[in-house]
Amino acid sequence: MPENKVALFFQVFNEVGIIEQLSRALLQAQLPAGFLVSHFSVLNHLVRVQDGRTPLELARAFQTAKTTMTHTLGGLDKAGYVEMRPNTEDARSKRVWISDTGRAFREQAIVSVKPDLERVAAEFPADRVLNLLPELEELRKIMDRQRDEN
């Protein structure tokens, strides 16, 4: 075990951050004009954790201001990718649901980066990704939990 664990974790987070920047650029290049990775990310999050979240829950999950999330949701709503429905538990807020059009947009975005991902896969075999994925998921879960505790 390295003596300087902080430096080790910083190095890992640095690499993950660079990978995030590079993958974000790949996806952004494939999205239609006017749509950002942030739009895709909200749709992807809602598919992963289940839709019906409030804007405040989404803002917390993305660690952004509620106004920023409201702006992002407004763009998705205007495009017909989400539906803002009344929150039956709190009349002051709404809940966000993905429309069929939004699900199709998300799926098309994933398909659009397929050639880029195939080029990466040609140099970094899938079996190595399968070994990395459980470890990365566990690290994410720990960080999600710690974020929620604060």
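Preceding block: the structure.
These remarks concern the structure in this document. Remember, predicted model here, so these are calculated numbers, not experimental data.

Another point: the packing of helix α2 (residues 37-49) against helix α3 (residues 55-62). One can describe the packing of α2 onto α3 by two numbers: an axis separation of 12 Å at closest approach and a directional angle of 105 degrees. Classed by the angle they form, the pair α2 and α3 counts as roughly perpendicular. Contacts from Ser41, Val42, His45 and Leu46 of α2 reach α3 at Leu58, Ala61 and Phe62. Residues of the contact of α2 with α3, tallied by class, amount to five nonpolar, two polar and no charged.

By size, the foremost hydrophobic cluster in this structure holds 20 residues, and its most contacted members are Leu27, Val42, Leu43, Leu58, Leu73 and Leu76. Taken together, the elements giving at least two residues each to this core come down to α2, α3, α4 (66-79), β2 (94-98) and α5 (100-112). At five residues, the largest contribution of residues to this core is made by α2.

Topologically, Pro134 is positioned in helix α7 (residues 126-149). The partly exposed category is assigned to Pro134, whose relative accessible area is 44%. Once the C-alpha coordinates of Pro134 and Arg95 are considered, the two residues, 39 residues apart in sequence, prove to be 31 Å apart.

Attention now goes to a nonpolar patch on the surface. Taken together, the side chains of Leu8, Phe9, Val12, Phe13, Val16, Leu132, Leu136 and Met143 define a hydrophobic patch exposed on the protein surface, amounting to about 640 Å² of accessible area. Going through the elements one at a time, α1 (5-30) and α7 are the ones with two or more residues in the nonpolar patch. The element contributing the most residues to the nonpolar patch is α1, with five residues. Relative to the assigned elements, Val12 resides in helix α1. By relative accessible area, Val12 is classed as partly exposed at 34%.

This part covers the pattern of salt bridges. Under the definition given, this model contains 13 salt bridges. Residues Arg92 and Asp90 are paired through a salt bridge, measuring 3.0 Å at the closest nitrogen-oxygen approach. A salt bridge links Arg147 to Asp144, with the nearest nitrogen and oxygen atoms 3.2 Å apart. Residue Arg147 and its partner Asp144 are both found in helix α7; the two are separated by three residues, about one turn of the helix. Take Arg147: its relative accessible area is 25%, and that puts it in the partly exposed class.

Secondary-structure assignment places Ser112 in helix α5. For Ser112, a relative accessible area of 16% gives the class buried. From its side chain, Ser112 meets the backbone oxygen of Ala109 in a polar contact 2.6 Å long.

Calculation rules
- Residues numbered from 1 in each chain as written.
- Predicted model: local features only at pLDDT ≥ 70, side-chain atom pairs only at ≥ 80, totals over all residues.
- Heavy atoms only, no water.
- Axes fitted to C-alpha atoms, helices over the stretch in contact; angles between N-to-C directions.
- Helix = DSSP H or I, 4+ residues; strand = E, 2+ residues; numbered from the N terminus.
- Parallel < 35°, antiparallel > 145°, perpendicular 65-115°, else oblique.
- Contact = heavy atoms within 4.5 Å.
- Nonpolar A, V, L, I, M, F, W, Y, C, P; charged D, E, K, R; others polar.
- Core = buried A, V, L, I, M, F, W, Y, C linked by side-chain atoms within 4.5 Å.
- Buried < 20%, exposed > 50% of the residue type's maximum accessible area, 1.4 Å probe, protein only.
- Patch = residues over 30% accessible without salt bridge, like charges linked within 9 Å, V, L, I, M, F, W, Y side chains within 5 Å.
- Areas by Shrake-Rupley, 256 points an atom, 1.4 Å probe, with all protein chains shown as cover.
- Salt bridge = Lys/Arg side-chain N within 4 Å of Asp/Glu carboxyl O.
- Polar contact = N/O pair within 3.5 Å; in protein donor to acceptor, adjacent residues only side chain to side chain.

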